[in-house]
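Descriptive analysis of the structure
Below, each chain spelled out in residue letters.
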Amino acid sequence: MSLEAIAALREPVRRTVYEYVAARAEPVSRNEVAEGVGIGRTLAAFHLDKLTDAGLLEAANAPRAGGPGAGRPAKLYRRSAAEHTVTVPPRDYRLLAGVLASAIERVGAEPAAYAAAAAQGAKLAGGDAVGRLAALGYEPYEDADRTVRLRNCPFDALAHSHPGLVCGLNLAMIEAVVGDGGQVVRLDPGPTGCCVAIHSKNNQR
């Protein structure tokens, strides 16, 4: 299925639709996608359904909050949590990562792992920290409180099986990437995305 899912993104308009939905913090409707991408609602619905069939998006019905049709169910779309990868020949780095994570927890080597993550983050530091995090796949964005949140955890699968270890590694590495500027990096998990958030020292909650 992963190959078919990736192939679904070859069509330029469909890829644009996917990127628009993936970049939104909240699920979006067909009308929002049509307006945001600049295409008709029928074409937006077509591409949204194709992306859902490919497993790249998830669709759910929710009541409309206001305006025309308020109270009636609306189909809302968001990026699927499923991962899609293709490696030729086959590789399984996730299996090895899980073995190493289990070994670290078994011998109590978390402090050494966090130190290694901080050292790696220091190597990546310099310049625009948000841009660095974007390049690493964290998908940073600024919320209404001007807190930088990370829409994606690049290590999501491992974070589910070893949450304490992986969240600690994320925190140590991101702290080093951000550096000692006017921001505070701390664990602040939300319902989705990375468990780390970057707060301004002048706007801490």
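You'll find the structure just up there.
Below is a short write-up of the structure.

Cut-offs applied
- Residues numbered from 1 in each chain as written.
- Predicted model: local features only at pLDDT ≥ 70, side-chain atom pairs only at ≥ 80, totals over all residues.
- Heavy atoms only, no water.
- Phe/Tyr/Trp six-rings, centres within 6.5 Å; stacked < 30°, edge-to-face > 60°.
- Helix = DSSP H or I, 4+ residues; strand = E, 2+ residues; numbered from the N terminus.
- Core = buried A, V, L, I, M, F, W, Y, C linked by side-chain atoms within 4.5 Å.
- Buried < 20%, exposed > 50% of the residue type's maximum accessible area, 1.4 Å probe, protein only.
- Contact = heavy atoms within 4.5 Å.
- Pairing = 2+ DSSP bridges.
- Axes fitted to C-alpha atoms, helices over the stretch in contact; angles between N-to-C directions.

1. A short note on the packing of aromatic side chains
For the structure on display, the rule yields one aromatic pair. Aromatic side chains Y138 and F155 sit 6.4 Å apart centroid to centroid with 80 degrees between the ring planes, which places their arrangement in the edge-to-face category. Placement of Y138 in the loop between helix 7 (129-135) and strand 4 (140-142) and of F155 in the loop between strand 5 (148-150) and helix 8 (156-161) is noted, with a sequence separation of 17 residues between them.

2. Things to note about the nonpolar core
Among the nonpolar cores identified, the biggest contains 25 residues, and I174 and V196 are the most heavily contacted of them. Mapped by element, the contributors of at least two residues to this core are helix 6 (110-124), helix 7, strand 5, helix 8, helix 9 (163-178) and strand 7 (196-200). It is helix 9 that contributes the most residues to this core, nine residues altogether. In this view, I174 contacts L133, Y138, L150, V185, C194, V196 and I198; residues no more than four positions away in its chain are not counted. Formed by 18 residues, the second largest nonpolar core is a distinct cluster that contains A8, A22, L48 and A54.

3. Considering the sheet that holds strand 4
Strands pair in a sheet through their backbones, by hydrogen bonds, and they do so in one of two ways: parallel or antiparallel. Taken together, the four strands give an open sheet; going across it, the order is 4-5-7-6, and neighbouring strands pair in antiparallel fashion. If you trace the sheet from one side to the other, it starts and ends with strand 4 and strand 6 (183-187), each paired once. The sheet shows a mean angle of 25 degrees between the axes of neighbouring strands, direction not considered. Relative to strand 5, strand 4 is paired through three bridges, and the arrangement is antiparallel. In the strand pairing of strand 5, P140 is matched with L150.

4. Considerations on the pairing of strand 7
Counting buried positions along strand 7 gives four out of five residues, so the element sits mostly inside the fold. Here strand 5 pairs with strand 7 via two bridges, running antiparallel. Looking at the pairing, R149 lines up with A197 of strand 7.

Everything listed is a geometric property; what it means functionally is a separate question.
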